[in-house]
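Chain residues, written in single-letter form:
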Amino acid sequence: MKEILDIIEAYTIAVQEGKRMALATVVHVEGSSYRRPGARMLVTDDGMLTGAISGGCLEGDALRKALLVINQQQNKLVTYDTTDEDDAKFGVQLGCNGIVHILFEPIDPEKTIHPVSLLQELSAKRQEGVLVTLFSLLLPQEPVPGTCLLLLPDTVVSEQNSIQCDAELLSEANHALLTKRSFIRDYLSGEHLLTAFVEFIKPPVSLIIAGGGNDAFPLADLAAMLGWQTTIVDGRPSHANLQRFPKVSRILVAKPEEVLPQVQIDDQTVVVLMTHNYNYDLALLKALLQQDQCRYIGSLGPKKKLERMIGELQEEGLKPNQAQLSRIFGPVGLDLGAETAQEIALSIAAEIKKVLSEQSGLSLRDKHDPIHQHPMENSIIDL
């Protein structure tokens, strides 16, 4: 989501400065590649790039393609095939042994609906959404709808009287929203075979840091770099303020029992208890265990501290079950040998990413399966 937010910000500036632009989106990958479907990059007519569609090896050629699309004002699908050992002939030196399909779309701010406006609508609220992008692998030079449909829990955004409003396509978007996963579908529209990238997009991670001490600085800074929405919670206004935490989304000075009614908890919400106030952490932990959407509760400090808190909750009659206990991580963080506040922040952020991604946290060197475990379903649907 950070890449999307960066693109929206760059788009806003480009419009103010009267620049023309195009959006490049990785829509399909066969084999290995540095970025997966959904990676985006905004290109302005003066060569400014925001976002990334590769590890840097594709961007130069993509800039040339984007400038062509800006001038022609027509969507264009470009395929980079690096399965041939002599990929130098493409001038990009990917070295990934894969086929990457990238859709370039001109952005016209005068239009009500265009790819970036759909991204703006998606990010306007903290909610999940599905973007549908239509292209043609068989006839890449033919005009295609491109990014044409946005489905949100409470609304549908698309152009009227066009293919993207078809009930079957909308049904597929609803399926992606329900299952929380992206997939590829082939569509027969009359005599034309189109491919749809049905992309499920989560809201950014919402990090609630309970504690405004100095050791929270690096965690808040790292979260800002990752594009997470961070809330600092503390009962002390001298510790929880924007002068100390200028990069966070929100400051909340409150007693522990007042916190949860004032924050939105969803399955992208994580909490780190680091107030260094035992009773504050205990009260907030009690409140968190009585709702089941928060998937990660980190407790800073020794294991004995957490065991003591759990014991006191049990004495009060709150007996956490195994599912509740599995959401508590204490001592917080991965075993990285962290010592300093900065290193501890790194271990905490890495553990949060591991949990939310449902990954093992192994070194990639020891991983036998492909790095990106996101298989794309394929089927053909008649429109």
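Fair warning: this is a prediction, and the values are worked out from it, not measured in the lab.

So, on to the overall build of the chain. A tally of helices and strands in the chain yields 10 helices and 17 strands. In the chain, the share of contacts with a sequence separation of at least 24, taken over all contacts with a separation of at least 6, comes to 62%. Put simply, the chain shows about 18700 Å² of open surface, and 50% of that area lies on carbon and sulfur atoms.

The next subject is the pattern of salt bridges. Side chains carrying opposite charge are able to pair once their charged atoms draw close together. Taken as a whole and assessed by the stated rule, the structure comprises 17 salt bridges. Lys-2 serves as the salt-bridge partner of Asp-6, at 2.9 Å between the closest nitrogen and oxygen. Separated by 4 residues within a single helix, Asp-6 and Lys-2 lie in helix 1 (residues 2–16), roughly one turn from each other. By relative accessible area, Asp-6 is classed as partly exposed at 29%.

Contact pair helix 1 / helix 3 (residues 115–123): the axes reach a minimum separation of 10 Å and the direction vectors enclose 125°. By the angle between their directions, the pair helix 1 and helix 3 is classed as oblique. Helix 1 and helix 3 meet at a crossing whose hand is left-handed. Seen from helix 1, the contacting residues are Ile-4, Leu-5, Ile-7, Ile-8, Tyr-11 and Thr-12; seen from helix 3, they are Val-116, Leu-119, Gln-120, Leu-122 and Ser-123. Split by residue class, the contact of helix 1 with helix 3 holds 8 nonpolar, 3 polar and no charged.

Here helix 7 (residues 278–289) spans 16 Å end to end across 12 residues, near enough to the 16 Å set by a 1.5 Å rise per residue. Those residues of helix 7 not exposed but buried are Tyr-278, Tyr-280, Asp-281, Leu-282, Leu-284, Leu-285, Leu-288 and Leu-289. Sitting at the amino-terminal end of helix 7 is Asn-277, which places a side-chain oxygen 3.2 Å from the backbone nitrogen of Asn-279.

For the chain, mean pLDDT is 88; residues scoring 70 or higher make up 90% of the total. pLDDT under 50 marks residues 88–92. Its contacts with residues more than four places away, or in other chains, come to 7 contacts. Long-range and interchain partners of residues 379–383, a stretch whose pLDDT sits below 50, account for 18 contacts in this model, where long-range means more than four residues apart.

Here the focus is the packing of aromatic side chains. Evaluated as defined, the whole model comprises 2 aromatic pairs. Measuring from centroid to centroid gives 4.7 Å for Tyr-296 and Phe-329, while their planes differ by 15°, and the two rings are stacked. Note that Tyr-296 is positioned in strand 15 (residues 296–299) and Phe-329 in strand 16 (residues 328–329), a separation of 33 residues in sequence. Exposure class is identical for Tyr-296 and Phe-329. Each is buried. Residue placement shows Arg-308 over the ring face of Tyr-278; its charged tip is 4.1 Å from the ring centre.

Most of strand 11 (residues 206–210) is tucked away, with 5 of its 5 residues classed as buried. Here strand 11 shows a buried face lined by Ser-206, Ile-208 and Ala-210 and a second buried face lined by Leu-207 and Ile-209. Note that strand 11 and strand 12 (residues 229–234) share 5 bridges and pair parallel. The residue bridging Ile-208 from the neighbouring strand is Thr-231, located in strand 12. The pairing of strand 11 with strand 14 (residues 269–273) spans 5 bridges and is parallel. Within strand 14, the position partnered with Leu-207 by the bridge is Val-270.

Calculation criteria
- Residues numbered from 1 in each chain as written.
- Predicted model: local features only at pLDDT ≥ 70, side-chain atom pairs only at ≥ 80, totals over all residues.
- Heavy atoms only, no water.
- Helix = DSSP H or I, 4+ residues; strand = E, 2+ residues; numbered from the N terminus.
- Contact = heavy atoms within 4.5 Å.
- Areas by Shrake-Rupley, 256 points an atom, 1.4 Å probe, with all protein chains shown as cover.
- Salt bridge = Lys/Arg side-chain N within 4 Å of Asp/Glu carboxyl O.
- Buried < 20%, exposed > 50% of the residue type's maximum accessible area, 1.4 Å probe, protein only.
- Axes fitted to C-alpha atoms, helices over the stretch in contact; angles between N-to-C directions.
- Parallel < 35°, antiparallel > 145°, perpendicular 65-115°, else oblique.
- Left-handed = near helix turned anticlockwise from the far one by under 90°.
- Nonpolar A, V, L, I, M, F, W, Y, C, P; charged D, E, K, R; others polar.
- Expected span 1.5 Å × (residues − 1).
- Polar contact = N/O pair within 3.5 Å; in protein donor to acceptor, adjacent residues only side chain to side chain.
- pLDDT = per-residue confidence, 0-100.
- Phe/Tyr/Trp six-rings, centres within 6.5 Å; stacked < 30°, edge-to-face > 60°.
- Lys NZ or Arg CZ within 6 Å of the ring centre and 35° of its normal.
- Pairing = 2+ DSSP bridges.

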